[in-house]
Amino acid sequence: MRTFIDICRPIVPRLKTLTLVYDKDWGGDVNDALGELAGLLGNGLCSPTLEQLFVRSDGIRNAVSAFAAKFPDNTQVWAPNLHTLRCSYFLPIPSAPMSSISTLVIIHNFYYRVLRSPPEDLLKLLLMLPNVSDFTLDACSVEYSFGDGTLPVTVCPSIKSFHLRLPYLILREIPVDDSCIGTLLN
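Keep in mind the model is a prediction, meaning the values are calculated, not measured. (Residues numbered from 1 in each chain as written. Predicted model: local features only at pLDDT ≥ 70, side-chain atom pairs only at ≥ 80, totals over all residues. Heavy atoms only, no water.)

Asker: Just checking my understanding: could you explain the overall build of the protein for this structure?
Answerer: On a plain count of helices and strands, the protein comes out with 5 helices and 6 strands. Here the protein holds 186 residues, and 47% of them are scored as buried. Expressed as a percentage of contacts within the protein between residues at least 6 apart in sequence, the contacts between residues at least 24 apart total 78%. Split by element, the accessible area of the protein, about 9,700 Å² in all, is 57% carbon and sulfur. (Helix = DSSP H or I, 4+ residues; strand = E, 2+ residues; numbered from the N terminus. Buried < 20%, exposed > 50% of the residue type's maximum accessible area, 1.4 Å probe, protein only. Contact = heavy atoms within 4.5 Å. Areas by Shrake-Rupley, 256 points an atom, 1.4 Å probe, with all protein chains shown as cover.)

Here it is in structure tokens:
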């Protein structure tokens, strides 16, 4: 992989879109993909034309390491015009606010009974992206009951467009007051 990254390094400054794919079923994980991104960003490389970054799973389950997935510290410096961030089956946690991101698309399964709370991690992510105006949440699977958990009150005044997609869910079976998605939306 390192040889491939070294070959690609000269074209990185010209990229408008970059897609990283991690395959959980074959031993890869999102931290591996982000590690490769960090390797690509090394040595002060800059991609002033990069506008879209897709980090996607090659499956339909959340990444086991999804809750520790860290974006490289220098992403904002490396890609100052990065406007769109799309992530599937993991929630990135930037180490610093990424103010250039205006469009966020998240595809994720929301289960409360995991090591950490995906709804809480999503709120943390939104706080690290203060200028998101278009937000799409594709909740492929949710736990119907949120349990006794509570989420912090989070205000996102920059969001002007919100799309909630609930594929594969039977809406009439989701409780209004106690569902994971209902709690998140509140």
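Asker: Just to check I follow, could you spell out the side chain of T84 for this structure?
Answerer: The topology assignment puts T84 in strand β3 (residues 84–88). Leave out the neighbours within four places in its chain, and T84 touches E51, Q52, L53 and T103.

Asker: Help me understand the environment of Y89 in this model?
Answerer: Turning to its location among the elements, Y89 is positioned in the loop between β3 and β4 (103–110). With a relative accessible area of 9%, Y89 lands in the buried category. Along the primary structure Y89 and I107 are separated by 18 residues, whereas in three dimensions their C-alpha atoms are 5.7 Å apart.

Asker: Even after reading the chapter, I still don't get the confidence of the model for the protein, so can you show me in this structure?
Answerer: Regions with low pLDDT should not have their predicted coordinates read in detail. Residue-level pLDDT values for the protein average 76, and 65% of them are 70 or greater. The least confident element of the protein is helix α2 (residues 30–41), whose mean pLDDT is 68; the most confident is strand β6 (residues 161–165), at 93. Under a pLDDT of 50 for its full length, residues 64–68 has, in the predicted model, 13 contacts with residues more than four places off or in other chains. (pLDDT = per-residue confidence, 0-100.)

Asker: Just checking my understanding: could you explain a nonpolar patch on the surface for this structure?
Answerer: A cluster of nonpolar residues, F162, L164 and L185, forms a patch on the protein surface that exposes about 240 Å² of accessible area. Counting through the fold element by element, L185 comes out in helix α5 (residues 180–185). A relative accessible area of 48% means that L185 is categorised as partly exposed. (Patch = residues over 30% accessible without salt bridge, like charges linked within 9 Å, V, L, I, M, F, W, Y side chains within 5 Å. Salt bridge = Lys/Arg side-chain N within 4 Å of Asp/Glu carboxyl O.)

Asker: How do you make sense of the side chain of T136 when you look at a structure like this?
Answerer: Positionally, T136 belongs in strand β5 (residues 134–142). Residue contacts for T136: discarding those within four places in its chain leaves L104, V105, I106, H163 and R165.

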